[in-house]
Each structure stands twice: as C-alpha cells, then as structure tokens.
Amino acid sequence: MTRSLPHLRRSLRGLLAAALLAALLASCGGAGGTQSAAAPTAKAKPTHSAKPTKKPSPKPKPKPTKTGTPPTAHGGGTVTLAFVDVGQGDGIVLKAGVWSALIDGGSAGNEGAIAGELSALGISRLSALVVTHPHEDHIGDLASIVRRYRPRVAYSDATATTACYARLRASLRSAGTLVRHAYRGQRLRFGTLVAQVLGPGTYMAPDLNADSIVLLLRIDGKGVLLTGDCTGADEAAVGAACARGPPLYLLKVAHHGSAYSTGSSFLSETRPRYAVISVGPNSYGHPSPSTLARLRAHGVQTYTTWKNGTITVRFAASGAVKWHFTGSSSPVKAGGGSGSGGSGSSGTSTAGSSTGANPTVYITATGECYHLKGCRYLAHSCIPIKLKDAEAQGYRACSVCNPPR
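Residues numbered from 1 in each chain as written. Predicted model: local features only at pLDDT ≥ 70, side-chain atom pairs only at ≥ 80, totals over all residues. Heavy atoms only, no water.

1. Considering the overall build of the chain
Stated precisely, the cut-off is as follows: To qualify as a helix, a DSSP run of H or I must reach at least 4 residues; to qualify as a strand, a run of E must reach at least 2; elements of each kind are numbered from the N terminus. The contact criterion used is simple: two residues touch if any of their non-hydrogen atoms lie within 4.5 Å. Here the accessible surface of atoms and residues is derived via Shrake-Rupley with a 1.4 Å probe, and residues count as covered only by protein chains that are part of the display.
When helices and strands are tallied, the chain shows 10 helices and 19 strands. Across the chain, the fraction of contacts at a sequence separation of at least 24, relative to all contacts at a separation of at least 6, is 67%. Total accessible area on the chain is roughly 20,400 Å²; 57% of this is exposed by carbon and sulfur atoms.

Below you can see the structure in the form of structure tokens.
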C-alpha cells in the first residue's frame with residue numbers, strides 16, 4: 001500500500017495534465033483556430049470575370065406618319081419613271097429598286113413599246129399594275145402584258161366595267177393576280193415608296209375619266225402627280241389636296257392635254273415645275289392650245305410623248321434628277337397638235353373629216369373603235385358598218401387612222 005501511493009499520485013497528475021491540455025485546445029479553437037462546422041462560410045467569389053448579360057433594351061416603336069403628310073424620301077436607290085410613247089394613250093413604267101409597276105398600258109398595238117421599256121429596265125415580272133380607268137386608250141393591250149409579266153397585285157377603280165376591262169380581268173384571274181379597288185385616302189406601298197391615292201372618290205361619276213385613279217408620289221421631297229384622265233370634281237379635289245403641300249416637281253397632265261382638264265385653279269394649287277403630256281396623233285385636237293397656254297402662263301416646262309418620244313426621269317438617291325428623251329429634247333413652246341410647238345397646228349388629219357355623209361367604216365370583233373380600211377388594228381377582223389350605225393352602237397373613232405366623225 002505504501003508503494004502504490006506514488007503511483008496513484010502520478011496517475012492523478014496525468015489526468016490533470018490531460019484535462020488542462022483539452023481545455024487549452026478548446027480555448028485556442030474558439031479564439032480563431034480551426035473553424036467549427038457550425039461557423040458561417042464566406043461568400044464564394046465567382047470563378048470567372050465575365051459580367052452578367054444585360055437584358056436587351058426593347059426596340060423603339062416607329063412613330064406613326066401623320067395623316068395627310070406624304071413621306072419625303074424613297075429610302076435610297078434609283079427611282080425611274082418612264083412615260084412610254086404609246087401614241088394617243090397612257091403607259092407609265094415605275095421602278096423603285098427591285099420593285100416595279102405599270103400604270104396603264106396604252107391602246108391595242110402598243111404591247112411592243114411597253115415590253116421594250118420593261119425589258120430595258122430589267123423587269124421580267126411586275127410587282128403591281130395600276131388601271132387608272134377602263135378606257136381602251138389606257139388598257140387596250142394590258143391583257144397580253146398581264147399574261148407575259150404576271151403582276152402580283154392590280155389596282156383599279158370600281159367603275160371598271162367596259163368590254164376591254166372584262167378581257168383584262170380574265171387575264172388577271174389566269175395570272176393569279178390579286179385585284180383591289182383604290183379610293184381617295186388610301187396609301188399604297190410601292191416598294192420603297194408610298195403612293196397617296198388622291199382620286200377617285202367613293203362614288204361612280206357618269207364620266208369614267210372623272211373616276212380615274214390619281215397617285216401622288218414624293219421622291220426625296222419631289223412631288224410627282226399621276227392623274228390618268230381625271231377631270232371635273234375629282235380634279236378640284238386633287239388640286240385642293242395638293243395645295244396643302246409643297247409644289248409639285250412633275251405633273252402628268254390629265255386626259256392627254258384636253259381643254260376640259262388642267263384648269264388654272266388646279267395649276268395654281270399644284271404649282272408644277274415640269275409637265276408631261278402622253279399624246280399622239282388624234283382627232284380630238286389634243287393637246288389643246290388652251291391647255292398648253294395655261295401651262296405656259298404658270299411657268300410650267302412641258303414635254304409631250306408625241307414630240308419628245310418616250311420620256312424617262314431618273315431620281316438618284318443623291319437627289320440628282322436626269323431626263324432622257326428618245327425624240328426631241330426641246331420642251332413644247334406654243335400651240336397644240338403634234339406637240340412641236342408650232343403655232344396654230346391642230347394635228348387633226350384631213351382624212352378624218354366628214355361633211356355629213358354616212359360612209360362605210362370598219363370595226364373588229366372585239367374592239368370599241370371604228371376604223372378606216374387599212375388601219376393596223378383591222379389585222380384580225382374587219383367588219384364593214386355605216387358610220388352612223390357605228391356611232392349609234394357606241395363605237396368611237398380610232399385615234400390612229402382617224403376615220404370620219
């Protein structure tokens with residue numbers, strides 16, 4: 001027992017030392033040594049330096065164009081207007097970039113002239129066709145043009161009920177062309193251009209000319225007005241609409257320069273710088289000397305397809321404008337008739353004079369005009385008829401061979 005006492009003391013000292021060491025270790029851990037499992041972990045830093053992707057900002061919505069305010073630019077590229085020489089009639093080719101349109105197509109026999117201009121401009125298919133009104137001198141050959149160039153959409157007025165329009169409508173159906181009516185107040189997208197429709201109104205006038213589709217284009221601020229055969233109340237409405245805008249750069253004179261259109265008040269409202277008259281040999285005295293005098297009095301430099309041939313106007317994106325003529329480059333100075341500017345020239349052929357007799361004239365199986373024997377329009381059919389009977393049945397004189405009236 002006496003020898004076990006030291007041993008017991010040594011054991012107690014060992015236990016006490018172990019307890020002191022455990023307490024020391026515990027106090028070191030709490031003071032900043034090894035972290036316990038319960039301690040909060042620091043926020044982990046990102047393993048790459050890329051910034052978080054921002055949400056894309058919404059695209060600003062385009063501001064709407066104010067009603068009645070035409071656009072002033074065509075969005076770049078060249079815009080070409082060609083007033084094709086189709087004789088006594090209208091035929092206008094419009095090209096804006098890759099977009100193309102034909103506005104009327106002249107009377108029968110002018111397919112070659114229209115197709116030649118389309119080919120020269122590199123057009124193999126038409127984007128649009130505009131039928132200003134259904135008279136033969138504007139749409140006589142359009143059925144064949146439609147079969148060849150298959151326009152995607154066609155615009156016409158609601159009065160299109162003539163026989164030549166019925167043939168045209170059949171060709172449009174065959175070509176799969178979408179047909180729409182155009183009225184005042186509409187805007188038509190013409191490629192990079194916007195065309196304002198200034199006529200016709202939503203009514204049907206007794207005169208088909210008065211219900212012509214009228215288009216206003218703004219090409220880099222230059223106004224171009226295409227009038228068809230617009231007359232009367234519709235011409236007054238068109239003039240009033242143009243009076244609210246800047247002066248026109250170019251006016252396509254209505255109704256081939258008829259004395260019954262393009263009045264002084266209309267010219268005061270539209271204020272054109274240049275004018276083009278689409279006209280050829282005719283028995284109506286177009287262009288009328290009085291109309292040419294009004295244009296001259298308003299300082300308008302005037303050209304005719306009769307004198308100047310096909311007239312091409314190119315509007316470059318830079319704002320430059322270039323004119324080209326297949327005939328004379330001189331503007332009309334005075335008078336009427338042939339468009340040569342000769343004073344007193346009426347342009348009416350004596351072959352068409354009549355002193356009250358009832359001669360034999362000739363019609364075709366499908367046409368709307370009567371002719372002299374030998375006229376090129378009698379190539380497919382030639383039916384003799386007395387003049388008074390032809391007039392009573394609604395036939396009108398051919399503008400090419402100029403038969404008696």
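Don't stop here, the text continues.
2. Focus on the sheet that holds strand β9 (residues 214–219)
In plain terms, the rule: We call two strands paired when DSSP finds no fewer than two bridges between them. Lines fitted to C-alpha atoms define the axes, with helix axes restricted to the stretch in contact, and inter-axis angles between N-to-C directions lie between 0 and 180 degrees.
The mixed open sheet is built from seven strands, whose spatial order is β7-β8-β9-β10-β11-β12-β13. The strands lining the two open edges of the sheet, one partner per strand, are β7 (187–190) and β13 (301–304). Each adjacent strand pair in this sheet contributes to an overall mean axis angle of 20°, direction not counted. Strand direction decides the pairing type here: β7 and strand β8 (residues 193–199), joined by four bridges, are antiparallel. Paired with R189 across the strands is V194, a residue of β8.

3. Comments concerning the packing of aromatic side chains
Using the following cut-off: Note on aromatic contacts: the rings of Phe and Tyr and the six-membered ring of Trp form a pair at centre separations within 6.5 Å, being stacked when their planes are under 30 degrees apart, edge-to-face when over 60 apart, and tilted otherwise. Using a 1.4 Å probe on the protein chains alone, a residue whose accessible area is under 20% of its type maximum counts as buried, one over 50% counts as exposed, and one in between counts as partly exposed.
All told, the structure shown has eight aromatic pairs when counted by the stated rule. A centroid spacing of 5.4 Å and a plane angle of 40° characterise the contact between Y303 and W323, whose relative ring orientation is tilted. In this pair, Y303 is assigned in strand β13 and W323 in strand β15 (residues 321–325), connecting sequence segments 20 residues apart. With centroids separated by 4.8 Å and ring planes inclined at 35°, the aromatic side chains of Y303 and F325 adopt a geometry described as tilted. Pair noted here: Y303 is in strand β13 and F325 is in strand β15, with a separation of 22 residues, a long-range link. Residue class for Y303 comes out buried when judged on its relative accessible area of 6%.

4. Here's the deal with unusual backbone geometry
Here G199 and P200 are connected by a cis peptide whose omega angle stands at 5°. With respect to the helices and strands, the residue P200 is situated in the loop between β8 and β9. Located in the positive-phi region is D220, a residue other than glycine, with phi close to 50°. Among the secondary structure elements, D220 is positioned in the loop between β9 and β10 (222–226).

5. Observations regarding helix α6 (residues 232–243)
The cut-off we apply is this: Residue count minus one, scaled by 1.5 Å, sets the expected span of a helix. In this context, the arc is that of the directions from the helix axis out to the C-beta atoms.
Taking 1.5 Å as the rise per residue, α6 with 12 residues should run 16 Å; its terminal C-alpha atoms sit 17 Å apart, in good agreement. Within the span of α6, buried status applies to D234, E235, V238, G239 and C242. Along the axis of α6, the buried positions cluster into a sector of 140°, meaning they face one direction only. Packing partners of the buried residues in α6 comprise β8, β9, β10 and α7 (264–270).

6. With respect to the confidence of the model for the chain
We count it as follows: For every residue, the predictor reports its confidence as pLDDT, a number between 0 and 100.
For the chain, mean pLDDT is 80; residues scoring 70 or higher make up 75% of the total. Contacts from residues 28–52, a stretch scored under 50 in pLDDT, to residues over four places away or in other chains number two contacts. Note on residues 59–75: pLDDT under 50 across the span, and 27 contacts to partners over four residues away in sequence or across chains.

7. Some thoughts on the sheet that holds strand β14 (residues 311–315)
As summarised here, the arrangement of the eight strands in space is β6-β5-β4-β3-β2-β1-β14-β15, forming an open sheet in which the pairing is mixed. Two strands bound the open sheet, and with one partner strand each, they are β6 (178–181) and β15. The mean inter-strand angle of the sheet, taken between neighbouring strand axes irrespective of direction, is 15°. Here strand β5 (residues 153–156) pairs with β6 via four bridges, running parallel.

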